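Inside the fold
Given next are the chains, with one letter for each unit.
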Amino acid sequence: MIDIQIDEEQVKICQGLLARTPSKLIRASANAVNRAITAGKAVASKAARDEYVLKAAAVKSTLKTTKASSSYPTGVLTSTGSPILLGNFQTRQGSRALTARVKRGTSMQKVAWAFKRTTHSGFYGPLQRRYQKLSYPLKVLYGPSVPQMLGNHNVEAVIEARVRTVLAERLDHEVDAVLKGYAK
């Protein structure tokens, strides 16, 4: 989880500019937070895909936002989900072994006793034998979950930097709009 705060100096400047209308300051800050959350959602998907071999839909489907309002000027961007099937990452079935890659910049790794097949129930993806010489039982293979990927230090730093930048820019813009009479 990323903790983003509005800079104290910026808050003092905004309070000085909007001293006569404190309710407009709260609304302006809520609007800025909402725009920062939207930017954070977009950059989270891209940053995760820059680090991991994964499709955007798999990341975006786990992201949930809670918008800020005048009565509650705090917004939240969260990701919830379980581990993702290994078939959603890069896999290749060779003549002898299944190879898979989860992180970009790494080579394909062999997965022992694994193969891709369609089961009787219609599932298609990588499976692994639990015991080397027995046909059954089989287990489905998984990679990391999206919250784990977004918790990676590199990914988290990219998201945090973008959200901070957008929050500062939008707060300036929203206060300027109030001062010029464009905002309600």
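Everything that follows concerns the structure shown earlier in this document.
Below you will find a few notes about this structure.

So, how was this worked out
- Residues numbered from 1 in each chain as written.
- Predicted model: local features only at pLDDT ≥ 70, side-chain atom pairs only at ≥ 80, totals over all residues.
- Heavy atoms only, no water.
- Patch = residues over 30% accessible without salt bridge, like charges linked within 9 Å, V, L, I, M, F, W, Y side chains within 5 Å.
- Areas by Shrake-Rupley, 256 points an atom, 1.4 Å probe, with all protein chains shown as cover.
- Salt bridge = Lys/Arg side-chain N within 4 Å of Asp/Glu carboxyl O.
- Lys, Arg positive; Asp, Glu negative; His and termini not counted.
- Charge placed at Lys NZ, Arg CZ, Asp CG, Glu CD.
- Helix = DSSP H or I, 4+ residues; strand = E, 2+ residues; numbered from the N terminus.
- Buried < 20%, exposed > 50% of the residue type's maximum accessible area, 1.4 Å probe, protein only.
- Pairing = 2+ DSSP bridges.
- Axes fitted to C-alpha atoms, helices over the stretch in contact; angles between N-to-C directions.

So, about a positive patch on the surface. Residues K41, K60, K64 and K67 make up a contiguous surface patch of positive charge. With respect to the secondary-structure elements, K64 resides in strand β1 (residues 63-66). For K64, a relative accessible area of 43% translates into the label partly exposed.

As a further point, take the sheet that holds strand β6 (residues 114-118). The 3 strands lie next to each other as β6-β7-β8, forming an open sheet whose pairing is antiparallel. At either end of the open sheet lies a strand with only one pairing partner, and these are β6 and β8 (138-140). Strand-to-strand twist across the sheet, computed as the mean angle between neighbouring axes with direction ignored, equals 45 degrees. The pairing of β6 with strand β7 (residues 124-129) spans 5 bridges and is classified as antiparallel. Pairing of A114 across the sheet is with Q128, part of β7.

Now for the sheet that holds strand β4 (residues 98-101). In a beta sheet, neighbouring strands pair by backbone hydrogen bonds and run either parallel or antiparallel. The strand order across the open sheet formed by 3 strands is β3-β4-β5, and the pairing between neighbours is antiparallel. With one partner strand each, in any of the chains shown, β3 (90-93) and β5 (109-111) form the two edges of the open sheet. Direction aside, the axes of adjacent strands within the sheet are offset by 30 degrees on average. For β3 and β4, the ladder comprises 4 bridges, and the chain directions are antiparallel. Among the inter-strand pairings, T91 is bridged to a residue of β4, identified as A100.

This brings us to unusual backbone geometry. Residue P137 is bonded to the preceding Y136 through a cis peptide linkage, with omega at 5 degrees. Along the polypeptide, P137 turns up in the loop between β7 and β8. Backbone geometry places W113, a non-glycine residue, at a positive phi of 55 degrees.

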